[in-house]
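# Structural overview
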Amino acid sequence: MRSLLIAAGFLFLLVLPRSATAAGGGLAPNLLIDLCARIGDAVATANKDAPKGLHAAVPIPPEINPPCVLCDSSPAGKQKAAAETAAVDLEVNEFVKESESPEADDITRLLSIEREIEVSNFAGYPEMLDGVSANVKRCILDGSGKIDDSLQRLAARLVHDKADAMADTYGKDWRRALPGIKLLLSISKAVSLLSTMVPAEAGAPEDLLERSKIWQQTLLDEAEKVRQNYNYNLCPVYLEIVRSVQLMGGAEPSADLADTVQKMNDLLHFDITMDLRSKGKDTSGASFDVSWQIKSTMRISLPSGTCYTPELENGNDLAVTVQNFKMIAKDGTEAQLQSSRQFTTPVASVTLGLCDHNPQLAFHISDYGPSETVEVAGRSGKAGMFELAWSSAVNSPLENAVANGAGGSPSSGDSNSPGSSEDSNSGGGPSGGVPLRTPKPKPTPNAAIKAKLDKLKAELQSHKTDIAWLMGPQGQADIAQMQSLAAQQAQASEDSAGPGVAAALSKTGILELTWTNGVRKVVDQDLKFEKNGFTDTLHVTVELHS
């Protein structure tokens, strides 16, 4: 090592300008005087910042809750998510910088000067100090010792007075874990460069890593409480803190950390079941009673950053099974279902205001699915039963009456809300402070299409029990036209709103449901639509995946 320093010393001399060397082979006195002055100034400042016998103020980590926001593909959504994340990063980084000051700045300055002395190798080649006073020569030759003494005091102050004292005081507060652990790791990294200079009583860098592991365990224990209490609204916040700590690169209880992340992800996995039934009977004796079960599974994913996305698994299709299909004409003739009893109906997107005070889960529908093919007395045709029943559920909220909201709270006052339910965790932990009410669908861009579609749907609803009419030319034409107009409406909405969530929100319909945090069954809701003697009911449950 010493030979490397000697070689570096020669290199230092070679690159000096001619005016920097004295005639006798030493360095110009003005450069040496300047170096001596810088040594004295740096040591004096460091000793002032780290006086003997006085302790530094203990840093107080701020309480940090990474924001919980819905991922949005729109430019405004991305900008908001980025701004929220940047704000947290800025607060944490500013805390670390302020807490390490002024000691970290003094250490950087002292190390720079010490490297200059070592590279020049004045001790090995004292002739380089020819031409200066004895005081300047002594200042430079004793400089490394004075610098080492100051570095020891600065390092001890950072490790003992700041890092250890902070961990002792706040190490069991998970809300301060993110900035606190980052400061521990930052100080550990800085002091590791001075490991041979730090006195044992000050604490070694590896001790700070152990401190960070204890703090992380406090965070993991709190995350486990969130999981056991089904606090889905807090999962994105905790999971992001856990991941942020993981990315810092410090020593960590890796097994516990991986287990916690897996458990939190498992908690954000749900089974969706919808039981849809449509029935009616007219004075002639014609009747129908048809029911379907609609199923899917949903995950709330945190792909990156602090935003989360509710996603249906296996694509954006809901699996539909015909449970019962009974259509009887007024003459007693029963229609036979020819098409499959299993099919899918698409969902444009799913949104969830998970961190809201009153969260809403919404399915944005761009298509009402296929029409059944039935046979009556040897004649085949389209029935449109599922389309009409499903469109009743996802149509304008003004057309839906809530029989029972989540938690048994019927809607009152606001016909645009399917129900109201207090968030079971609203009075407890953090929510990130970012309100996210589920947007209501935008007006249909093409009013003429909507008017025609509404008229056709009303006509079909009024003839639900009339199998002869449904199977006849007029009924089949109306069903075909309704399908065509629905497709046109969806396309017109998409074209006007642009790509992304904004387009999905303005499509054909929206099924909005009340979500309850703190329970396994987060949605348990009945929707009921009655008109002209026909009744469409939809019972929806969303519960933790079994």
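All values reported here derive from a predicted model rather than from experimental measurement.

## Notes on the state of the cysteines
Formally, a disulfide is one covalent bond, and it connects the sulfur atom of one cysteine to the sulfur atom of another. All chains considered together, the criterion is met by one disulfide. Here Cys36 is linked by a disulfide to Cys139, with a sulfur-sulfur distance of 2.3 Å. Between Cys36 and Cys139 the disulfide shows an S-S torsion of about 115°. By sign, it is right-handed. With Cys36 in helix 2 (residues 29–49) and Cys139 in helix 5 (residues 134–141), the pair connects residues that are 103 residues apart, well separated along the chain. Take Cys36: its relative accessible area is 17%, and that puts it in the buried class. For Cys139, a relative accessible area of 13% corresponds to the buried category.

## Description of the confidence of the model for the protein chain
Mean pLDDT over the protein chain works out to 74, with 73% of the residues at or above the 70 mark. Predicted confidence is poor over residues 1–26, with pLDDT under 50, and the contacts of this stretch with residues over four places away or in other chains come to 29 contacts. Considering only residues more than four positions removed or in separate chains, one finds that residues 493–507, a stretch of pLDDT under 50, has 29 contacts.

## Overview of helix 4 (residues 103–120)
In an α-helix, one full turn covers 3.6 residues, which means residues spaced three or four apart are oriented alike. Between its first and last C-alpha, helix 4 extends 26 Å over 18 residues, near the 26 Å set by a 1.5 Å rise per residue. Those residues of helix 4 lying buried are Glu103, Asp106, Ile107, Leu110, Leu111, Ile113, Glu114, Ile117 and Ser120. Backbone geometry just after helix 4 places Asn121 at a positive phi near 55°.

## A short note on the pairing of strand 13 (residues 509–514)
For strand 13, a buried count of six out of six residues is recorded, marking the element as mostly surrounded by other parts of the structure. Residues Gly509, Leu511 and Leu513 line one face of strand 13 and the alternating positions Ile510, Glu512 and Thr514 line the opposite face, and both faces are buried. Bridge count between strand 9 (residues 360–365) and strand 13: six bridges; the pairing is antiparallel. In the sheet register, Leu361 faces strand 13, and the bridge partner there is Leu513.

## Section: the packing of aromatic side chains
Under the definition given, this model contains nine aromatic pairs. Between the aromatic rings of Phe270 and Trp515, the centroid separation amounts to 5.1 Å while the plane-to-plane angle is 75°, which identifies the pairing as edge-to-face. Here the residue Phe270 occupies a position in strand 2 (residues 269–281), and Trp515 occupies one in the loop between strand 13 and strand 14 (521–531), the gap between them amounting to 245 residues. With respect to burial, Phe270 and Trp515 carry one shared label: buried. Within the aromatic cluster, the residues linked to one another by ring pairs are Tyr230, Tyr232, Phe270 and Trp515.

Cut-offs applied
Residues numbered from 1 in each chain as written. Predicted model: local features only at pLDDT ≥ 70, side-chain atom pairs only at ≥ 80, totals over all residues. Heavy atoms only, no water. Disulfide = S-S within 2.5 Å. Helix = DSSP H or I, 4+ residues; strand = E, 2+ residues; numbered from the N terminus. Buried < 20%, exposed > 50% of the residue type's maximum accessible area, 1.4 Å probe, protein only. pLDDT = per-residue confidence, 0-100. Contact = heavy atoms within 4.5 Å. Expected span 1.5 Å × (residues − 1). Pairing = 2+ DSSP bridges. Phe/Tyr/Trp six-rings, centres within 6.5 Å; stacked < 30°, edge-to-face > 60°.

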